[in-house]
Amino acid sequence: MTPPDLTKAAPAQVAAKETASKGSSRLDVRNLSLLGVLAVLIAVGGITKPEQFLDTGNLQLVLTQASVIGVVTVGMTFVITSGGIDLSVGAIVALASVWATTVATQEYGFAGILFTAVLVGTACGLVNGVLIAYGRLVPFIATLAMLAAARGLALQITEGRTQMVTVNSVLDLGLPDAYVLGIPPLVLVFAAVTVVGRLLLNRTTFGRRTVAVGGNAEAARLAGIDVRRQRLYLYLLSGLCCGIAAFLLIVLSGSGQNTNGNLYELDAIAAAIIGGTLLTGGRGTIVGSVLGVLVFTTITNIFALNNLQSDVQQIAKGAIIVAAVLVQRRTAHDGT
Amino acid sequence: MPKTPDSARSDTAARPGSTRRGLLFGGAAVSATALLAACTSNEPTKKDKTPATDNRPAADSAPGKKVTIGFAGPQADHGWLNAINENARNRAKKYADVTLDITEGSNDTAAQIGQIQTLINKKVDVLVILPTDGKALTQTGLAAMKAGIPVINLDRAFASPQASRCYVGGDNYGMGLNAGRYIGEKLKGKAGAKVVELAGIDSLELTRLRTQGFDDALKNYPNITKVARQAAEFTVESGQAKMAQLLQAQPQFDALWNHDDDQGVGALRAIAQAGRKDFLMVGGAGAKSAMDAIKADNSVLKATVLYPPTMSASAIDLARALGQGKGIGGIAELEIPASLTLYSAVVTRENVDDYLPTGFN
């Protein structure tokens, strides 16, 4: 769904660019520091496992594994930028993925699966949005309720079974034959969502309204922004991203299971925060969030290649989150 | 929003666009909801559902004294636990003299204690308990035994042997052992053979036991080295992710043991995505999808090591025998044994037809 004011953004863009340039230089420093973290990680991977890490197949692997959570994180970044939170993303991914892989849905083939996944995700987002914007529920509570309800419904649909996808056109999309110029289709979708998200947040009225609502909702309201409608759209957008992610996950795993999307909410929030989006709202960066996702995926990849076990992985992951945020804050201070 | 041709015959409302848009959107939402609602069904259109139960006759199926069996288990949130419930139900149905009182499954220890207390108050003749957490339910097991109700402890063991009359469970160590032996025999004589392990949730004791058994079995084959091990989370998603990493890390290996067939669905997907066929794979638990693949013999999956969900059917057999004061046939003992650990059979293409009816979805 496109907000009606998107077309009005064009004339305002010249003015916006001037005001944005000041802010964006600081954001770039933040992104730059995260790029530094990523560079260090790549160096570590390249030194410890040169043959396996520095390899086209591995690049494809890391980007593919990042694409599902990446799409979720883009939606999450909008919500957090507006001062909200969406705890239901993982549960929505689970519900959309199982709803789209029932025997009944699969009879409609590729289009049926895609349509159902996206629609279920968006519908859940709509419910979140209505509860928060018009039902005046705190986002934390409303989306927590959605988390419980969506997981429950997903379990009810599957009865705990793994639903195998039998539609070949969906399955083939995840196989090497479907790669476009060596790029997996999942990664293309991830890239497209990132580009659209970045443009929407940085180059449109919708994006500026999001930042304004997150910075100071009352001021935004006095400035004539329909804060409630804006919030509704934002949760809708997050739900839409979950729907897309659910479809990607179906392609990736060739199945739907009620355990899908486990703890996505934490991964997405963590990626957005180390990317430089403020948990309190008012500032957000899509590029930073995507870099955050890539940092996490690369860490997992390096650990797996070096055959480190999950206990060590978890300890190191925690340490790296703290280190990344500290490094980033330091550079951000130096930059301003 | 682009004007549609029929907007010519516009109504005279102040904001015609918005009402029509509202109507359009509302209409679309209603029809989409109707469409979606039709899509939650998981019943196959054709009647090809085979019950995941064992139809072999019990030792003594001649009707006897009427027995009421109380059954309490965790929430059936994955295939194996679901099969546990189905096996118990179907087994009880086979006996005219058995009434099964089965509780709503719960993963909450407090809730499960409450459910079992209710069953004790109802004065069922025998209790079958698959605890969410074995140690946490020890006191409840003791309470039931003190109330004179014999308890059969299924799979997840209580902390005290006093809390149950009989334990029936799978053998996690044995799973690893048999998987290791099977792979060892297959790779016998191959110098410098490499093996990879895709484990389950690492924080669970059962995962450690499976790995321990696997490692112990491999020690008998000096030509084999385990080159990598990663832990997934028993889910398809994690299986795909971890297997993809393992395949990237190990460009060449000879065999793979995957602890769990549910995550194996994801692992097989990752193997197909990587286009690898150069090794043999052994699964675990005994899902129907895995057995189908073994039977079809068109993937790297050549065998799976059972963790039989039929154990709940056996528990019903034992509960009935306890309630009627009988022993079990085929052994010399007059009494039912205090402990029964099931064998983790290796299902291959040769014997898959025997086990296929026990495979779970």
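Nothing here was measured: the structure is a model prediction, and the numbers come from that model. (Residues numbered from 1 in each chain as written. Chains lettered and ligands numbered in written order. Predicted model: local features only at pLDDT ≥ 70, side-chain atom pairs only at ≥ 80, totals over all residues.)

Q: Sorry, what's going on with the overall build of chain A here?
A: The secondary structure content of chain A amounts to 15 helices and 2 strands. In chain A, buried positions account for 54% of the 336 residues. Expressed as a percentage of contacts within chain A between residues at least 6 apart in sequence, the contacts between residues at least 24 apart total 82%. (Helix = DSSP H or I, 4+ residues; strand = E, 2+ residues; numbered from the N terminus. Buried ≥ 20, exposed ≤ 12 C-beta atoms within 10 Å, placed from the backbone. Contact = placed C-beta atoms within 7 Å.)

Q: Just to check I follow, could you spell out the UniProt feature "transmembrane region" (unreviewed entry) in chain A for this structure?
A: All names here are of chain A. The positions that UniProt labels "transmembrane region" (unreviewed entry) are, in the present scheme, residues 29-47, 59-80, 87-104, 110-131, 138-158, 178-201, 232-252 and 286-305. Secondary structure content for residues 87-104 is 72% helix and 0% strand, and the end C-alpha separation is 29 Å. As annotated, residues 178-201 has a helix share of 71% and a strand share of 0%, and its two end C-alpha atoms lie 31 Å apart. (UniProt positions renumbered as here; feature names shortened; annotations may be inferred.)

Q: What is the right way to look at the packing of helix 9 (residues 185-203) of chain A against helix 10 (residues 205-215) of chain A in this model?
A: For any two helices packed against each other, the geometry is given by the interaxial angle and the distance between the axes. Residues and elements named next belong to chain A. Contact geometry of helix 9 with helix 10 gives a least axis separation of 5 Å together with a crossing angle of 70°. Considering the angle they form, helix 9 stands roughly perpendicular to helix 10. Contact residues: Leu200, Leu201, Asn202 and Arg203 in helix 9; Phe206, Gly207 and Thr210 in helix 10. (Axes fitted to C-alpha atoms, helices over the stretch in contact; angles between N-to-C directions. Parallel < 35°, antiparallel > 145°, perpendicular 65-115°, else oblique.)

Q: When you look at the domain arrangement of chain B in this model, what are you seeing that I'm missing?
A: Residues and elements named next belong to chain B. Segmenting chain B into domains produces domain 1 (67-170 + 309-330) and domain 2 (172-306). Once you take the C-alpha centre of each, domain 1 and domain 2 turn out to be 32 Å apart. Taken together, the residues of the side of domain 1 that touches domain 2 sort by class into 1 nonpolar, 3 polar and no charged. (Domains from an automatic or database assignment. Nonpolar A, V, L, I, M, F, W, Y, C, P; charged D, E, K, R; others polar.)

Q: Please explain the interface of chain B and chain A as it appears in this structure.
A: Interfaces are often described in size by the accessible area the parts lose on coming together. With 40 residues of chain B at the interface, the matching set in chain A holds 40 residues. The greatest single-element share of the side of chain B that touches chain A, amounting to 10 residues, is contributed by helix 7 (residues 236-249) of chain B. Class assignment for the residues of the side of chain B that touches chain A results in 16 nonpolar, 16 polar and 8 charged.

Q: Could you clarify how one ought to interpret the sheet that holds strand 11 (residues 339-341) of chain B in this entry?
A: In any sheet, the strands associate via hydrogen bonds between backbone groups, in a parallel or an antiparallel arrangement. All names here are of chain B. If you walk across this open sheet you meet the 6 strands as 2-1-3-4-5-11, and the pairing is parallel. Of all the strands in the sheet, the pair left with one neighbour each is strand 2 (98-102) and strand 11. Direction aside, neighbouring strands of the sheet carry axes that sit 20° apart on average. In terms of strand pairing, strand 1 (residues 67-72) meets strand 2 through 5 bridges, oriented parallel. Across the sheet, valine 67 pairs through a bridge with valine 98, a residue of strand 2. Running at roughly 170° to strand 1, helix 3 (residues 109-121) makes contact with strand 1, strand 2 and strand 3 (126-129) of the sheet. (Pairing = 2+ DSSP bridges.)

Q: Looking at this structure, I do not really get the packing of helix 3 (residues 56-81) of chain A against helix 13 (residues 264-275) of chain A. What am I missing?
A: Residue and element names in this part refer to chain A. At a minimum axis separation of 9 Å, helix 3 and helix 13 run at an interaxial angle of 65°. Classified by the angle between their axes, helix 3 and helix 13 sit roughly perpendicular to one another. When the axes of helix 3 and helix 13 are compared, the crossing they make is right-handed. In this structure, helix 3 uses Ile69, Val72, Thr73, Met76, Thr77 and Ile80 to contact helix 13, whose residues at the interface are Tyr264, Asp267, Ala268, Ile269, Ala271 and Ala272. Within the contact of helix 3 with helix 13, the residues separate by chemical class into 9 nonpolar, 2 polar and 1 charged. (Left-handed = near helix turned anticlockwise from the far one by under 90°.)

Q: How should the pairing of strand 4 (residues 151-154) of chain B be read in this particular structure?
A: The side chains of a regular strand alternate, first on one face of the sheet and then on the other. Residue and element names in this part refer to chain B. The side-chain alternation of strand 4 yields two buried faces, one formed by Val151 and Asn153 and the other by Ile152 and Leu154. Note: strand 3 against strand 4, 3 bridges, orientation parallel. Note on strand 4: the bridge partner recorded for isoleucine 129 is asparagine 153. Considered for its hand, the β-α-β crossover made up of strand 3, helix 4 (residues 138-146) and strand 4 is right-handed. Alignment of strand 4 against strand 5 (residues 166-169), held across 3 bridges, turns out to be parallel. (Right-handed = clockwise from strand over helix to strand, strands pointing away.)

Q: Help me out: how do you make sense of the pairing of strand 7 (residues 224-231) of chain B in this one?
A: Residue and element names in this part refer to chain B. Direction of pairing for strand 6 (residues 193-199) relative to strand 7: parallel, over a ladder of 7 bridges. Each residue of the ladder has a partner; that of leucine 198, found in strand 7, is glutamine 230. Running through helix 6 (residues 205-218), the crossover from strand 6 to the neighbouring parallel element strand 7 is right-handed.

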